[in-house]
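So you can see what is in the structure, the chains are spelled out below.
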Amino acid sequence: MSVEIWPHVAPDQLKVAVETAERRELDWLIDELHETLTNLKHGLEDCYALLAPIDPGSTLVLSTPRNEIVKGHVTRVGTRIVKGTIHLRLRTLPQQTLTINPEHPIHLTPLTTLHSLLTHSIDLLTLTLSYSYPSATATTPLPSDLPPPQFLSAQLRLLSQSLSEASAILAGTPTPGDPQHWTTNSVAPSHFTPPLAQPTTANSSTSPASLSFHLSIQDSSLVLWLRSLEPADAPLNFGTKLALAIGTARRLEHDESEKVFGYCCSGEGDHHQHGSPTLAPAQLAKTPSREATASTGQTVPLSGTRSNNSTKRPGSVDVFVREKVRVESADPSLMSLSAKLSALGHTLALARRNLAAVLGEEMEGDD
């Protein structure tokens, strides 16, 4: 069985008819995409509003479940933590209360990057609409040599990449070569009243107990990591050695207990940001060997194995992590933002597939 066109059309006329039909289909699809892109722009503006610095902001509870090791709250306004009070009862530190200085808010780098991506996406859609759908009174020439359909396809590809990056930030997916790490991105002491104590290399035996306060975004939630730090060269008193030997004292076990870290919390100033590190964990932590420990004749501290071989950054201090606590607080605004971005991403992917099918292009794996 075969299909034929009746009345019969000559091959050259058939080719012209096919091209005309494809052109009409492309024109129709581009007209339909106008409404889709307009709705995408409105959706992105709603996402932008969820991250806007509007008072009174979002008050988030930071408390450990089933105990009172950490109990408190913080207030997020836009991309900043502007105030908060947190009561701590860590087993390796004296009981204390942390108060965020309202005059020195904490800037969250993931949310700052997300804010920039949303701004870029809205600007990109605005320009795309003005170039691809000029009004009757104002005609804007295309900013490239591409034909309008190919230009629209390229712009949608850029928009898809921006939305994917924004969703990855809210999911907390670390980017290759830039994993989230606390050693260089903990909150600076000056953000608190009074300032947090920090480990020092001088007089480590008499230095006050120190604390690392690190914030990140994971699954649309604000995640707080608290780490009790001990200088790597701090000596142990005889009572502690004896307690460890006879078993009356035990080290707190966690995944960082046997590592030496080069801790450098030097961020100061109103615009210092937190949550976007610069070095990989492999560069910041090293597990010293037992042979190296034995050769130096140093004793074992409460939180790890001593070593002089840790990787150091300028101004950093070698520390052990004696205690580690994670507290998570779901942020309703970020959860709503994540859901909206996911829906917009699906709508954009469908529009790109339809346009690619009509243009005869293949979809790239960048969604």
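Residues numbered from 1 in each chain as written. Predicted model: local features only at pLDDT ≥ 70, side-chain atom pairs only at ≥ 80, totals over all residues. Heavy atoms only, no water.

- Where an unreviewed UniProt entry is consulted, the protein appears under the name RAVE subunit 2/Rogdi, with the organism given as Chaetomium globosum.

What to know about the pairing of strand β3 (residues 80-88)
Inference 1: Pairing geometry for strand β2 (residues 70-77) and β3, over 8 bridges, is antiparallel. Paired with V70 across the two strands is L88, which belongs to β3.
Inference 2: From the end of β2 to the start of β3, which pair antiparallel, there are 2 residues, and G78 there has a positive phi angle of about 70°.
Inference 3: In terms of strand pairing, β3 meets strand β5 (residues 106-108) through 2 bridges, oriented antiparallel. By the bridge assignment, I81 is partnered in β5 with I106.
Inference 4: Pairing of β3 with strand β4 (residues 96-99), which is carried by 4 bridges, proceeds in the antiparallel orientation. Considered in β4, the bridge of H87 is made with T97. (Pairing = 2+ DSSP bridges. Helix = DSSP H or I, 4+ residues; strand = E, 2+ residues; numbered from the N terminus.)

Observations regarding the pattern of salt bridges
Inference 1: In the structure shown here, the tally under the stated rule is 5 salt bridges.
Inference 2: Measuring nitrogen to oxygen at the nearest pair gives 2.7 Å for the salt bridge that ties D331 to R76. Within this pair, whereas D331 is found in the loop between β11 (317-330) and α7 (332-359), its partner R76 is found in strand β2, the two being separated by 255 residues in sequence.
Inference 3: In this structure D331 comes out as buried when scored by relative accessible area, which is 0%.
Inference 4: The shortest N-O distance in the salt bridge between R326 and E328 comes to 3.0 Å.
Inference 5: For E328, a relative accessible area of 40% corresponds to the partly exposed category. (Salt bridge = Lys/Arg side-chain N within 4 Å of Asp/Glu carboxyl O. Buried < 20%, exposed > 50% of the residue type's maximum accessible area, 1.4 Å probe, protein only.)

Details of the confidence of the model for the protein
Inference 1: Residues at a pLDDT of 70 or more form 69% of the protein, whose mean pLDDT is 78.
Inference 2: Contacts of residues 276-311 to residues separated by more than four positions or lying in other chains number 89 contacts, the stretch itself having pLDDT below 50. (pLDDT = per-residue confidence, 0-100. Contact = heavy atoms within 4.5 Å.)

Overview of the environment of H107
Inference 1: Positionally, H107 belongs in strand β5.
Inference 2: Residue class for H107 comes out buried when judged on its relative accessible area of 13%.

Quick notes on the nonpolar core
Inference 1: One finds L44, I86, L114, F213, L215, L337 and L341 to be the most contacted residues of the largest nonpolar core, which totals 57 residues.
Inference 2: Setting aside residues no more than four positions away along its own chain, I86 makes contact with L62, V70, K71, G72, H73, V74, Q96, T97, L98, F213 and L224. (Core = buried A, V, L, I, M, F, W, Y, C linked by side-chain atoms within 4.5 Å.)

Quick look at the packing of helix α3 (residues 148-171) against α7
Any two packed helices are characterised by the angle at which their axes cross and by the distance between the axes.
Inference 1: In contact at an axis separation of 9 Å, α3 and α7 are set at 155° when each is read in the N-to-C sense. When the axis of α3 is compared with that of α7, the two are roughly antiparallel. Regarding α3 and α7, the two cross each other, and that crossing is left-handed. In this structure, α3 uses P149, Q150, L152, S153, L156, R157, L159, S160, L163, A166, S167 and L170 to contact α7, whose residues at the interface are L334, L337, S338, L341, L344, G345, L348, R352, L355 and L359.
Inference 2: Partitioned by chemical class, the residues of the contact of α3 with α7 number 14 nonpolar, 6 polar and 2 charged. (Axes fitted to C-alpha atoms, helices over the stretch in contact; angles between N-to-C directions. Parallel < 35°, antiparallel > 145°, perpendicular 65-115°, else oblique. Left-handed = near helix turned anticlockwise from the far one by under 90°. Nonpolar A, V, L, I, M, F, W, Y, C, P; charged D, E, K, R; others polar.)

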